[in-house]
Structures are given as C-alpha cells and as structure tokens.
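A structural walkthrough
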Amino acid sequence: MTFKDLGLADSLLAGIDSMGYKTATPVQSQVIQPILAGKDIIASAQTGTGKTAAFLLPIVNKIITEPHDENKINALIIVPTRELAIQIADNMEGLGYFTNVSCIAVYGGGDGNSFTAEKTALTSGCDIVVCTPGRMIAHLNMGYVNLKGLKFLVLDEADRMLDMGFQEDINKIIQHLPAKRQNLLFSATMPEKIRQLARRILHEPVEVNIAISRPPDKIRQGAYVVYEPQKNPLIAHLLKTTPYKNALIFCSRKHTVKQLTRDLKKLKFNVEEIHSDLEQADRENVLS
C-alpha cells in the first residue's frame with residue numbers, strides 16, 4: 001500500500017518522499033487509517049517495523065487538517081528513554097518538514113538551557129511533545145504545563161516503560177489530561193500488565209498485531225556458554241578475529257562496562273565506555 005492510498009495530506013506526502021519512503025510497512029498500513037478515523041489503538045510492534053511513522057503521520061495529518069489551538073499542546077508522546085525521544089523528534093523533523101507542525105523532545109540529562117527551552121515550549125504551546133515520564137513530571141510539578149487541550153496521547157514501548165518502573169509516573173501524567181482524547185498504545189509484547197493499562201486508558205481500541213520478522217540472512221547469531229571469568233577474554237578473542245572494524249558491546253551493569261573497558265584498553269583496543277556516570281554530552285561524543 002502506498003502512502004497516497006492512506007489519504008494523507010500533500011504536505012505530508014512531500015515529507016515522506018523526501019525521506020525516501022516508498023510504500024507503507026504492515027504496521028503503518030494497519031493503524032494509520034483507524035487513527036485518522038479517530039479510533040484508539042493498541043498495537044504489538046517491535047522497533048524497526050515503522051511504528052514511529054505509523055503514529056506520527058496520522059497525528060500530524062489530523063493537526064494540519066482539523067481545527068486546533070496553536071497555543072496548546074495537541075499531542076503527547078511518552079517514551080522510556082531520552083534516546084528514543086530524540087529519535088522520534090528527529091523523525092518528526094523529516095516527516096513534517098513541509099508542514100508548520102511544531103515538535104519538541106523533553107528529556108532529562110541536559111543543562112539548564114535545555115530545561116528553559118522546554119519550559120518555554122510547554123508554556124507557550126507546542127503541537128507535539130515527545131517526553132520521558134520523569135522529565136514531564138518535573139515540569140508538571142512546577143505548575144505551568146497546560147495539557148487541557150490535548151487531543152492525542154501516545155505510549156510508545158509501553159512494556160519497557162512498565163519494566164523500568166514508570167507506571168506511577170504515567171498515572172500521574174494521565175491525571176493531568178482531558179478525559180476526551182485519542183489514545184495510541186504501542187508495545188513489543190503484550191503481557192497482562194499492558195492489557196490492564198490498555199483497559200484503563202483506551203476506549204474500544206482497534207487491536208493490531210505485527211508478527212515478529214526474522215533477522216536478515218546476513219545477520220549471524222551465536223551463543224557462548226562460559227563462566228564469568230571467561231567472558232572478557234572471549235570478547236577480546238572475538239574482537240581480534242572479527243573482520244569488522246566497529247562493535248557495540250552491551251553489559252548488564254556499569255561496573256562491568258568499566259572493567260571490560262579497562263581490560264580491552266590493556267590489550268590496545270580503541271575502546272570507550274558509555275554509562276550513567278557520564279554526562280549526556282560525553283555519551284553522545286563517544287557514539288559520534
């Protein structure tokens with residue numbers, strides 16, 4: 001299905017075309033039209049299925065084609081991490097390039113200037129706010145955020161947010177929202193706690209389930225059963241023997257990250273670490 005078949009506005013189609021998108025993914029084909037029709041959505045879709053555009057495109061389309069208050073927040077997208085908030089805001093910048101829809105990412109870890117910029121946007125109004133729960137709670141506690149005109153609530157990666165302990169924060173945010181709104185919930189998995197959340201905040205939702213696709217053939221997956229002291233030597237061996245120049249290594253604790261970094265540096269690997277003890281700017285520099 002093409003995006004034109006979905007009935008999107010020409011300005012949105014121009015943004016889609018500029019980003020090189022040709023045809024809609026399965027999740028986009030199944031949720032965009034129900035969202036345009038005003039339905040609530042509960043969708044099981046993993047990262048990489050195109051779900052960000054699946055909710056951004058119809059929300060932007062409704063904002064530019066239906067009456068709305070430009071001085072209020074029209075859509076609130078709640079996500080578990082600052083990285084995802086930034087990613088969605090970046091996607092919005094591309095998809096909405098030919099529209100006048102405004103968007104801001106609201107997340108912790110920045111400096112005082114970023115908090116001031118967020119406060120200005122939340123006070124004067126912004127069409128789409130992408131936020132992490134804790135940062136939005138911080139602004140709400142200040143008393144200047146007005147969410148009474150909100151039309152759309154999106155919970156993205158809802159299962160991950162609950163796993164990270166954001167249930168109470170999400171409940172607090174919802175208490176500030178108008179009862180009449182459109183709700184969109186996206187989650188990679190659908191455990192009972194997600195079902196309970198959906199039953200509480202969604203109204204007669206359309207349910208969409210996107211089958212998990214298998215990895216591309218070029219991806220090689222493997223598992224090594226080793227004792228704890230053998231892990232770092234094994235990683236060093238794998239790095240020495242791989243034909244690739246770059247690698248991302250994920251550890252379960254920041255202590256493990258630090259120890260592995262030290263061990264690899266002793267072996268003359270060009271390695272840097274990322275963890276919560278570093279400032280956000282330092283983490284971004286490492287990735288760059």
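Residues numbered from 1 in each chain as written. Predicted model: local features only at pLDDT ≥ 70, side-chain atom pairs only at ≥ 80, totals over all residues. Heavy atoms only, no water.

Structural notes on the side chain of Ser187
With respect to the secondary-structure elements, Ser187 resides in strand S6 (residues 182-187). A polar atom in the side chain of Ser187 sits 2.5 Å from the backbone oxygen of Thr189. For Ser187, the residues in contact, after removing those within four places along its chain, are Ala43, Ser44, Ala45, Ala158, Asp159 and Ile194. (Helix = DSSP H or I, 4+ residues; strand = E, 2+ residues; numbered from the N terminus. Polar contact = N/O pair within 3.5 Å; in protein donor to acceptor, adjacent residues only side chain to side chain. Contact = heavy atoms within 4.5 Å.)

Describing helix H9 (residues 192-201)
Within H9, burial applies to Ile194, Leu197, Ala198 and Ile201. Taken end-on, H9 shows its buried residues confined to a sector of 100 degrees, consistent with a single buried face. Among the structural elements, strand S1 (41-44), strand S5 (152-155), helix H7 (158-163), helix H8 (167-175) and S6 are those in contact with the buried residues of H9. (Buried < 20%, exposed > 50% of the residue type's maximum accessible area, 1.4 Å probe, protein only. Arc of directions from axis to C-beta.)

Observations regarding the packing of aromatic side chains
The tally for this structure, following the rule as stated, stands at 2 aromatic pairs. Ring geometry for Phe55 against Phe186: centres 5.3 Å apart, planes inclined by 55 degrees, an arrangement best described as tilted. Taken as a pair, Phe55 in helix H3 (residues 51-65) and Phe186 in strand S6 lie far apart in primary sequence, 131 residues in all. A residue is classified by how much of its surface remains accessible, and Phe55, at 0% relative accessible area, is buried. What makes Phe186 buried here is its relative accessible area of 0%. Where Tyr97 meets Phe98, the ring centres are 5.1 Å apart and the plane angle is 85 degrees; that geometry is what we call edge-to-face. Owing to a relative accessible area of 45%, Phe98 belongs among the partly exposed residues under this scheme. (Phe/Tyr/Trp six-rings, centres within 6.5 Å; stacked < 30°, edge-to-face > 60°.)

With respect to the sheet that holds S6
In spatial order, the strands read S3-S4-S2-S5-S6-S1-S7; together these 7 strands make up an open sheet with parallel pairing. The sheet terminates laterally at strand S3 (103-106) and strand S7 (206-209), the two strands that pair on one side only. Within this sheet the neighbouring strands show an average axis-to-axis angle of 10 degrees, counted without direction. In terms of strand pairing, S5 meets S6 through 4 bridges, oriented parallel. Bridge pairing in S6 links Phe152 to Gln182. (Pairing = 2+ DSSP bridges. Axes fitted to C-alpha atoms, helices over the stretch in contact; angles between N-to-C directions.)

These values are about where atoms sit, not about what they do.
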